[in-house]
Amino acid sequence: MSTVIIGVDPHKLSATIEVVDEHEKVLTMGRFATDKADYAAMRQRVAPWPERTWAVEGSNGAGRPLARRLLAGGEHVLDVPAKLSARARMLDTGHGRKTDAHDAHSVAVAAVRATPLRVLTFDPQVEALRMLADGREELARARTRTANRLQRLLAELTPGRAKKDITTAEAKTIAAGVRPP
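Every chain's residues receive numbers from 1 upward, in the order its sequence appears when written. Reporting of local features is limited, given that this is a predicted model, to residues whose pLDDT is at least 70; pairs of side-chain atoms are given and counted only at 80 or more, and all residues count toward the totals for whole chains, interfaces and linings. Side-chain measures were taken over the full set of non-hydrogen atoms in the model, leaving aside hydrogen atoms and water.

This part covers the overall build of the protein chain. For the purposes of this entry, the term helix denotes a DSSP run of H or I that reaches at least four residues, the term strand denotes a run of E that reaches at least two, and both are numbered from the N terminus. A tally of helices and strands in the protein chain yields six helices and six strands. In the protein chain, the order of α-helices and β-strands from amino to carboxyl end is β-β-β-α-β-α-β-α-α-β-α-α. The dimensions of the protein chain, computed from C-alpha atoms along their principal axes, are 80 × 40 × 30 Å. Across the 181 residues in the protein chain, those meeting the buried criterion constitute 34%. In short, Shrake-Rupley with a 1.4 Å probe defines the accessible areas, and a residue's cover is counted only from the protein chains shown. Only carbon and sulfur atoms are counted for the fraction: they give 57% of the accessible area of the protein chain, which is about 11700 Å². Only four residue types enter the tally: Lys and Arg on the positive side, Asp and Glu on the negative side, with His and both chain ends excluded. Where a charge lies is defined by one atom per residue type, namely NZ (Lys), CZ (Arg), CG (Asp) and CD (Glu). The positive charge centre, built from 29 side chains, and the negative charge centre, built from 22, are 10 Å apart in the protein chain. With a 1.4 Å probe rolled over the protein chains alone, any residue whose accessible area is under 20% of its type maximum counts as buried; one over 50% counts as exposed, and the rest are partly exposed.

Below, the structure written as C-alpha cells:
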C-alpha cells in the first residue's frame with residue numbers, strides 16, 4: 001500500500017480533512033471538532049492507511065495546535081504554506097467556491113504536487129521555549145497597552161502636566177494630586 005496524503009484545513013475549533021492517494025483520488029473526507037473525542041474520531045477515520053502523511057495548512061498559525069498534537073502522536077506532518085494551497089485552489093477547475101472541504105482538497109493536492117515541503121518535528125524543549133517567548137511577548141504588549149492607557153488618563157485628568165516618557169513614580173505623584181471637581 002502506498003502513502004496517502006491527508007490535506008488539513010485547520011481552524012480554531014475544527015479541522016476539515018481530505019485523504020488522497022498519489023494520483024489525487026479522494027479516498028475519504030470529513031470535518032472534525034478540535035475536542036478530544038473528535039480528534040480521536042479523525043485519527044480513526046485515517047487508520048486504514050498506516051502509511052500516511054498529514055499536510056497541514058499554516059502550521060505556524062491556525063494549524064499549529066493540530067500539527068503539534070499530530071507530531072506528539074507520532075504522525076508524519078508537512079507544512080503547506082497558505083499561498084501554495086491558494087495557488088492549487090485557483091488552478092483547480094472542479095469548483096468555483098471557497099469552502100473548508102475545497103480548502104482541504106487544495107492542501108492535499110499541493111502536498112502531492114509540491115516538493116519539498118517543510119517536514120515538521122516535535123521537540124519539547126523548542127516548544128517550551130516558544131511558549132515562553134510567546135508569553136513574554138504577550139506580557140510586553142499588555143504592559144505597553146497599560147502604559148498608554150495611563151498616559152491617556154493622566155493627560156485627561158491633568159491637562160498640561162503629562163509627559164511623554166513618565167516613570168511609575170512620577171505617574172503616582174501626578175495621580176495623587178488629582179482631586180475631584
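Residues of helix H2 (residues 64-72) that are buried include every one of Arg-64, Leu-66, Ala-67, Leu-70 and Leu-71, and no others. Viewed end-on, H2 has its buried residues packed into an arc of 160 degrees, placing them on one side of the element. Considering only its buried residues, H2 is in contact with strand E1 (4-10), strand E2 (14-20), helix H1 (36-45), strand E4 (52-57), strand E5 (77-80) and helix H5 (124-157). One or two residues past the end of H2 sits Gly-74, with phi positive at roughly 85 degrees. Note: the arc covers the axis-to-C-beta directions of the helix. Two residues qualify as a contact provided that any one of their heavy atoms is within 4.5 Å of a heavy atom in the partner residue.

Aromatic contacts are taken between Phe, Tyr and Trp rings whose centres are within 6.5 Å, Trp giving its six-membered ring; a plane angle under 30 degrees counts as stacked, one over 60 as edge-to-face, and the others as tilted. This structure, assessed with the given rule, holds zero aromatic pairs. In this scheme, the term charge over a ring applies when either NZ of a lysine or CZ of an arginine sits within 6 Å of the ring centre and within 35 degrees of the ring normal. The ring of Tyr-39 has Arg-69 lying over it, and the distance from NZ or CZ to the ring centre is 4.0 Å.

Here a salt bridge means any side-chain nitrogen of Lys or Arg lying within 4 Å of a carboxyl oxygen belonging to Asp or Glu. One pass over the full model with this rule turns up nine salt bridges. As a salt-bridge pair, Glu-75 and Arg-43 come within 3.0 Å of each other at their nearest N and O atoms. Taken as a pair, Glu-75 in the loop between H2 and E5 and Arg-43 in helix H1 lie far apart in primary sequence, 32 residues in all. What makes Arg-43 partly exposed here is its relative accessible area of 22%.

What follows deals with the nonpolar core. For this analysis, a nonpolar core means a set of buried residues of the types Ala, Val, Leu, Ile, Met, Phe, Trp, Tyr and Cys, connected via side-chain atoms within 4.5 Å. By size, the foremost hydrophobic cluster in this structure holds 19 residues, and its most contacted members are Val-8, Ile-17, Trp-54 and Val-77. Residue assignment for this core shows that the elements contributing at least two residues are E1, E2, H1, E4 and H2. Element by element, the count of residues in this core is highest for H2, at four residues. With residues up to four places along the chain from it excluded, the contact list for Ile-17 reads Ile-6, Gly-7, Val-8, Met-29, Gly-30, Phe-32, Met-42, Arg-45, Val-46, Trp-54 and Ala-104. Ranked by size, the runner-up nonpolar core spans 13 residues in total, among them Leu-78, Ala-88, Ala-114 and Leu-117.

Here we take up the pairing of E4. The buried fraction of E4 amounts to six of the six residues, a majority that puts the element mostly inside the structure. Across the two faces of E4 the burial is the same, with Arg-52, Trp-54 and Val-56 and Thr-53, Ala-55 and Glu-57 all buried. Looking at chain direction, E1 and E4 are connected through five bridges and run parallel. Its bridge partner lying in E4, Gly-7 is registered against Ala-55. By definition, two strands form a pair when at least two bridges between them are found by DSSP.

Here we take up the packing of H1 against H2. Between H1 and H2, the shortest axis-to-axis distance is 13 Å and the interhelical angle comes to 60 degrees. Relative to H2, H1 is oriented oblique. Crossing hand, H1 versus H2: right-handed. On H2, the residues touching Lys-36, Tyr-39, Met-42 and Arg-43 of H1 are Leu-66, Arg-69 and Leu-70. Charged means Asp, Glu, Lys or Arg here, nonpolar means Ala, Val, Leu, Ile, Met, Phe, Trp, Tyr, Cys or Pro, and polar covers whatever is left, Gly included. The residue inventory of the contact of H1 with H2, partitioned by class, reads four nonpolar, no polar and three charged. The convention used is that axes are lines fitted to C-alpha atoms, helices contributing only their stretch in contact, and that angles between N-to-C directions extend from 0 to 180 degrees. The scheme is simple: roughly parallel for angles under 35 degrees, roughly antiparallel for over 145, roughly perpendicular for 65 to 115, oblique for anything else. Crossing handedness follows the turn of the near helix against the far one: under a right angle anticlockwise gives a left-handed crossing, and clockwise gives a right-handed one.

Nothing here speaks to function; it is geometry throughout.
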